[in-house]
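Breakdown of the fold
Next come the chains, spelled out residue by residue.
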Amino acid sequence: HLICTEQLSCRLGFRVGEELIRVVRVRSLNGNARQVDHGYFLASIAKGLTPEIAADSIYGYLEHKRGVKVMASRRTVSVELANDEDCSYLDLGKYNCVAVMESQSYTSDGILFEVTHTRTHPEIFHYRVNSKR
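Calculation criteria
Residues numbered from 1 in each chain as written. Predicted model: local features only at pLDDT ≥ 70, side-chain atom pairs only at ≥ 80, totals over all residues. Heavy atoms only, no water. Phe/Tyr/Trp six-rings, centres within 6.5 Å; stacked < 30°, edge-to-face > 60°. Helix = DSSP H or I, 4+ residues; strand = E, 2+ residues; numbered from the N terminus. Buried < 20%, exposed > 50% of the residue type's maximum accessible area, 1.4 Å probe, protein only. Salt bridge = Lys/Arg side-chain N within 4 Å of Asp/Glu carboxyl O. Contact = heavy atoms within 4.5 Å. Patch = residues over 30% accessible without salt bridge, like charges linked within 9 Å, V, L, I, M, F, W, Y side chains within 5 Å. Areas by Shrake-Rupley, 256 points an atom, 1.4 Å probe, with all protein chains shown as cover. Pairing = 2+ DSSP bridges.

1. A few points about the packing of aromatic side chains
- Taken as a whole and assessed by the stated rule, the structure comprises one aromatic pair.
- When the ring of Tyr 59 is compared with that of Phe 113, the centres are 5.9 Å apart and the planes differ by 50°; the resulting orientation is tilted. Of this pair, Tyr 59 sits in helix 3 (residues 58-64) while Phe 113 is found in strand 6 (residues 112-120), placing the two residues 54 residues apart along the sequence.
- Since its relative accessible area comes to 0%, Phe 113 is described here as buried.

As structure tokens, then:
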């Protein structure tokens, strides 16, 4: 748990002083670390979140155990040079960049409850959009 500082507020969008839960999850493919999630959850919404729950399904817990109704999510996708933390978590090999997806999720009441930065190895990153008109 941590308290949202002014710096975090500017970066994530939570209000200064709000209590947050930080979750870091590394995902592997064929024994190689290929994705790392840096998630911040509003503690009042994600109350009771444990490492065991995070290893299983955070959204399953929030929706089925906490009664959270997820309304919307906004995502931004970019490519960035890998930083030292990326290199420590991911098996980047010859690559010096990662695909980054920033997600902001809101409850049905319009409350921002989660911000996650997912940093993905370029060999496995795919972005697909289906649009209807």
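2. Here we look at the pattern of salt bridges
- Scanning the entire structure with this criterion turns up six salt bridges.
- Between Arg 34 and Glu 123 there is a salt bridge, with its nearest N and O atoms 3.7 Å apart. Here Arg 34 is found in strand 3 (residues 32-42), whereas its partner Glu 123 is found in the segment after strand 6, with 89 residues between them in sequence.
- Given the relative accessible area of 44%, Glu 123 is considered partly exposed.
- Here Asp 86 ties to Arg 119 by a salt bridge, and the two come within 2.6 Å at their closest N and O atoms. Of this pair, Asp 86 sits in helix 4 (residues 84-89) while Arg 119 sits in strand 6, and the two are 33 residues apart along the sequence.
- Note on Asp 86: relative accessible area 1%, which makes it buried.
- What emerges from the salt-bridge pattern is a single network uniting Arg 25, Arg 27 and Asp 37.

3. A closer look at the environment of His 117
- Along the chain, His 117 turns up in strand 6.
- When the C-alpha atoms of His 117 and Val 77 are compared, they prove to be 9.8 Å apart, with 40 residues separating the residues in sequence.
- Contact partners of His 117, with chain neighbours within four places excluded, come to Leu 12, Val 36, Asp 37, His 38, Met 101 and Glu 102.

4. Regarding a nonpolar patch on the surface
- A surface patch of nonpolar side chains, about 290 Å² in accessible area, is lined by Val 77, Tyr 127 and Val 129.
- For Tyr 127, a relative accessible area of 57% translates into the label exposed.

5. Some remarks on the sheet that holds strand 1 (residues 2-3)
- Strand order in the open sheet formed by six strands is 1-2-3-6-5-4, with antiparallel pairing between adjacent strands. Sheet topology places strand 1 and strand 4 (70-81) at the edges, where each strand pairs with a single neighbour.
- Pairing of strand 1 with strand 2 (residues 19-29) involves two bridges; the strand directions are antiparallel. Bridge assignment links Leu 2 to a residue of strand 2, and that residue is Leu 20.

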